[in-house]
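# Descriptive analysis of the structure
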Amino acid sequence: MNNNIDDIIEKMTLEEKVRFCSGTNFWETESLERLSIPSLRFSDGPNGLRKSGEDIIAMSESEAATCFPAPAAYASSWDRELVAKLGNAIADEALAADVQIVLGPGVNIKRSPLGGRNFEYLSEDPYVAGELAVDYIKAMQAKGVGTSVKHFAANNREYRRMEVDTIVDERTLHEIYYPAFEKAIKKAQPWTVMTAYNKLNGYYASEHEELLRQILHDDWKFEGFVVSDWGAVDDRVQALKAGLAVEMPPTGGLSDEKIKLAIEAGELDERVLDERLAAYLRILFKTTAVKQVKTYNQDEHHALAEEIATESIVLLRNEKNILPLNTTDKVAIIGDLADNVRYRGGGSSQVNPTKLDTPLDKLREKAGENIQFARGYSIDGKDEQEQLIKEAESMDKVILFLGLPEEFESEGFDKLHLRLPENQELLVKRITAKNQNVIVVLSNGSPVEMPWRDQVNGIVEIYLGGQAVGGAITKILYGEENPSGKLTETFPLKLEDTPSYLNFNQEKNHVVYQEGIFVGYRYYEKKNMPVLYPFGYGLSYTEFQYDNLKLSANKLQDSDTLNISFTLKNTGKRAGKEVAQVYISDRESSNVRPVKELKGFEKVLLAPGESKTVTIELDPRAFSFYDPEQHAWRVETGSFDILVGSSSEAIHLSETVEVTETVAPKMVYDRNSTVSDVLDDPQNQDKMEELLLSLRGKLVLIPEDEENVDKMMFPMLSDLPLRGLIIFSQGQFTDKELDEFIQSLNN
């Protein structure tokens, strides 16, 4: 094949070029036999390969593949190496299925626990989402299968997702909603980026020039091509100008014709089309260079699915050490979800498994006749009364399998509340009234309220654990494996506590992100608000001790890297893994900042009594905030606390580092800049003080005999726009003098 892209494009007719701007069917791009250009195949892939027929979008009709845990689950592993194994495995299955691009990972931030697609995303925190996405992308693309990081950008709800205008300020975009994408692109270069359905500040994401050209390509140096989410394009010509290469699915030639007519009419430069086509062909030729492997080991992948699910399970509550169980315990298993387990998300996550291990089957294998089962409720909402429920008080322990049916959360719609179905809530009340030794196992894609928490002794979160979840939860419950998952999202006490409660889906066609940068734990900590379970939380069957925090330096410049180290010891009697987390806290800032922000983590395996030294590197970005006035990241001179802990709430070690800003930001002043703005600028402070002293007796706000500028300053004068100096001087300070003063400040 001739891989000289310029030569190929030169030989193509205009009609042939525009054909490559969209697919030939729901999942494949065009081919051109004349120039030996093959087609390219996409497949859904948040938690496994969902390959459907050429013209099938139906979610339930796909070839069998390993259904791995949903991203909300595997993110809870906090395990970069494990996520890389996942990427490798899905790549193998893609190669066997002749798929070149797998649509994932999804790195949108969980703005609200009501988000219907939250199970498909990694975290409420951009740092952990970006870190895990990088390893997934690198692993998959190392095998020759492309990824499509999605959905770019600020796609955080499903309600009217194809028309809603998401209104977000510049700082919030750069600190919360862009960073996971930015990290994925800069560190892993995904072969494609998928645009979101929504508008962003007035423009559809697929047609957003600032988003796709300036930020994605110019600022972040993205090297792949941009593909639309399926049906996300409104104006195909504008989308091409903005940076979108491929529209999916095809429109029966309508979009192609619009592009052709725009070029012929001189409204669109053909060179723009050539640029988009060249980006597409560069990726296409990467995929064709890979030797296709037509098989993979299903049993090995099933075992990997179980390993990932096991590492991802989060132990939320373990009062009186009710867990782990003994095989001699007489256990009542109650709940339809133990048998009809919800192991996957809806929509694009609906992977048809190669096999399925239910919790009930694996628990029976483990403990035999000591396991008794009652359905207790039906997941379709119909109660089923069975004798075992009445006998639950005679059992040693009761395990309630509870959770959310797919009707409560899926792609395409958002949740209306955070409650479990009513029949499940009633079952909890009934059982806990008879037996205190109750363990709840939750199958859900996002947080739920737990008004019954204090009535049960154990709570285990398995999320949507994939096709091998039955074996995973059995190993955790019986102590074959030690739970090591930790939450990558906050569980609130109630919906009304959430940051976006007042402005999530209240408006049909637009949503304003009024909470700004205060998403998830950033919000709860700033408001000192109690939560059900904090970000980063998860229990173990052993205990860990943190000690001996050391910094590579106590003073830094804003361009320096800081290395921190500390000792982690397993002080319990079982081997276990701990996710140690590093947060940064800015003691004082000119801009409002969160109480703390995650900037590093490491998952560490320790034998009983074993200690290890953990080292984590913090780059300059760790100390910075995005300054919208400068349109850039900056680190202010000041003191920063380095916090090491086992969750956002449980901080065990702290040290302080002094960071110096080496390049002062360039301020630009105008007539509406305030007196205090200038006084706070070291470069211009003297000029402002000199002017104020010269206005004694002329400015009614300044007493004639006052010689100390500090004593002059009170709120009215501090917040006075510079133009106010003219008004309150009764014209003794003129417009011309003000213009000259502002010019001197800016020079």
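Above this text sits the structure in question.
Quick caveat, the model's predicted, so the values are computed rather than measured. (Residues numbered from 1 in each chain as written. Predicted model: local features only at pLDDT ≥ 70, side-chain atom pairs only at ≥ 80, totals over all residues. Heavy atoms only, no water.)

### Side note on the overall build of the chain
Scanning the chain from N- to C-terminus turns up 23 helices and 26 strands. Since a compact globule built from 747 residues should have a radius of gyration of about 27 Å, the 29 Å found for the chain is in line with a globular shape. Projected onto its principal axes, the C-alpha coordinates of the chain cover approximately 95 × 70 × 45 Å. Burial analysis of the chain (747 residues in total) assigns 62% to the buried set. A separation threshold of at least 6 residues defines the contact pool for the chain, and within that pool the share at least 24 residues apart is 75%. For the chain, the accessible surface area stands at approximately 29100 Å², while carbon and sulfur atoms represent 44% of it. Treating the 83 positive side-chain charges of the chain as one cloud and the 123 negative ones as another, the clouds have centres 3 Å apart. (Helix = DSSP H or I, 4+ residues; strand = E, 2+ residues; numbered from the N terminus. Rg over C-alpha atoms; globule rule 2.2 N^0.38 Å. Buried < 20%, exposed > 50% of the residue type's maximum accessible area, 1.4 Å probe, protein only. Contact = heavy atoms within 4.5 Å. Areas by Shrake-Rupley, 256 points an atom, 1.4 Å probe, with all protein chains shown as cover. Lys, Arg positive; Asp, Glu negative; His and termini not counted. Charge placed at Lys NZ, Arg CZ, Asp CG, Glu CD.)

### Thoughts on the sheet that holds strand 14 (residues 438-443)
On the basis of which strands lie adjacent, the open sheet formed by 6 strands has the order 10-15-14-13-11-12 and mixed pairing. Strand pairing shows two members of the sheet lacking a second neighbour, strand 10 (314-318) and strand 12 (371-374), which therefore form its edges. Taken over all neighbouring pairs, the strand axes of this sheet differ in orientation by 20 degrees on average, direction set aside. In this sheet, strand 14 lies alongside strand 13 (residues 397-403) in parallel orientation, the contact comprising 6 bridges. Paired with L400 across the bridge in strand 14 is V440. (Pairing = 2+ DSSP bridges. Axes fitted to C-alpha atoms, helices over the stretch in contact; angles between N-to-C directions.)

### Remarks on the sheet that holds strand 20 (residues 576-586)
Across the sheet, 5 strands lie side by side as 18-26-25-20-21; this open sheet has mixed pairing. Looking along the sheet, the strands with just one partner apiece sit at the ends: strand 18 (555-557) and strand 21 (597-606). Each neighbouring strand pair of the sheet contributes to a mean axis angle of 30 degrees, computed without reference to strand direction. Two strands pair when backbone bridges link them, and strand 18 and strand 26 (residues 651-660) are joined in this way by 3 bridges, in the parallel orientation. Bridging from a neighbouring strand, Q557 pairs with T660 of strand 26.

### Description of unusual backbone geometry
For the bond from G104 to P105, the omega torsion is 5 degrees, close enough to zero to count as cis. As for its placement among the helices and strands, P105 is situated in the loop between strand 2 (101-103) and helix 5 (126-142). The omega torsion across L323 and P324 is 5 degrees, close enough to zero to call that bond cis. Position of P324 relative to the elements: it lies in the loop between strand 10 and strand 11 (331-334). Of note, Q189 is a non-glycine position whose phi angle comes to about 45 degrees, a positive value. Tracing the backbone shows Q189 in the loop between helix 7 (179-188) and strand 5 (192-195). Exposure remark for Q189: the relative accessible area of 18% places this residue in the buried category. Non-glycine residue N201 carries a positive phi angle of around 50 degrees. In this structure, N201 sits in the loop between strand 6 (199-200) and strand 7 (203-204). What makes N201 partly exposed here is its relative accessible area of 32%.

### Details of the nonpolar core
Generally speaking, nonpolar side chains in soluble globular proteins are found buried as a group. Within the largest apolar cluster, 144 residues are counted, with the highest numbers of intra-cluster contacts made by F152, I333, L400, M450, V460 and L477. Of all the elements, helix 5 adds the most residues to this core, at 9 residues. Core analysis: the next-biggest nonpolar cluster, separate from the first, contains 31 residues, I9, W230, V246 and L284 among them. (Core = buried A, V, L, I, M, F, W, Y, C linked by side-chain atoms within 4.5 Å.)

### A closer look at the packing of helix 12 (residues 298-312) against helix 16 (residues 469-477)
At a minimum axis distance of 8 Å, the contact between helix 12 and helix 16 shows a crossing angle of 45 degrees. By the criterion of interaxial angle, the relationship of helix 12 to helix 16 is oblique. Crossing handedness for the pair helix 12 and helix 16: right-handed. In contact with E306, A309 and T310 of helix 12, helix 16 contributes G471, A472, K475 and I476. Per-class residue counts for the contact of helix 12 with helix 16 are 3 nonpolar, 2 polar and 2 charged. (Parallel < 35°, antiparallel > 145°, perpendicular 65-115°, else oblique. Left-handed = near helix turned anticlockwise from the far one by under 90°. Nonpolar A, V, L, I, M, F, W, Y, C, P; charged D, E, K, R; others polar.)

### Description of the environment of E307
When you line up the elements, E307 lands in helix 12. Assessed through its relative accessible area of 33%, E307 is described here as partly exposed. Spatially, the C-alpha atom of E307 lies 8.5 Å from that of A468, the residues being 161 residues apart in sequence. If we ignore the near neighbours within four places in the chain, the residues touching E307 are L82 and K85.

### A few points about the pairing of strand 20
For strand 20, the buried fraction is high: 10 of the 11 residues fall into the buried class. Sheet analysis places strand 20 next to strand 21, joined by 9 bridges and oriented antiparallel. The residue of strand 21 that forms the bridge with Y583 is L598. The sheet contact formed by strand 20 and strand 25 (residues 638-645) spans 6 bridges and is antiparallel.

### A few points about the environment of E449
Relative to the helices and strands, E449 resides in the loop between strand 14 and strand 15 (458-461). Taking the C-alpha atoms as reference, E449 lies 8.9 Å from H417; in sequence the two are 32 residues apart. A polar contact is formed between the side chain of E449 and the backbone nitrogen of L495, at a distance of 2.9 Å. (Polar contact = N/O pair within 3.5 Å; in protein donor to acceptor, adjacent residues only side chain to side chain.)

### Observations regarding the side chain of T498
Relative to the elements of secondary structure, T498 occurs in the loop between helix 16 and strand 16 (510-512). By relative accessible area, T498 is classed as buried at 2%. A distance of 2.7 Å separates a polar side-chain atom of T498 from the backbone oxygen of L495. Beyond its immediate stretch of four places on either side in the chain, T498 contacts P113, P492, Y523 and Y524.

### Describing helix 11 (residues 270-288)
Its 19 residues give helix 11 an end-to-end C-alpha distance of 26 Å, which sits within 8% of 27 Å, the value for a rise of 1.5 Å per residue. Every buried residue of helix 11 is listed here: V272, L273, R276, L277, A278, A279, Y280, L281, I283, L284, F285 and T287. (Expected span 1.5 Å × (residues − 1).)

### Focus on the pattern of salt bridges
All told, the structure shown has 51 salt bridges when counted by the stated rule. Linking R375 and D336 is a salt bridge whose minimum nitrogen-to-oxygen distance equals 2.7 Å. Placement of the pair is R375 in the loop between strand 12 and helix 14 (387-391) and D336 in the loop between strand 11 and helix 13 (359-367), with a sequence separation of 39 residues. Across the pair, D336 and R375 agree in class, each one buried. Its salt-bridge partner being E480, residue K366 comes within 2.7 Å of it at the nearest N-O pair. Residue K366 is found in helix 13, and its partner E480 is found in the loop between helix 16 and strand 16; the two are separated by 114 residues along the sequence. Take E480: its relative accessible area is 42%, and that puts it in the partly exposed class. Overlapping salt bridges, with partners in common, bring together R117, E120, K150, E158, R161 and E411 in one network. (Salt bridge = Lys/Arg side-chain N within 4 Å of Asp/Glu carboxyl O.)

Geometric descriptors of this kind do not, in isolation, establish any biological role.
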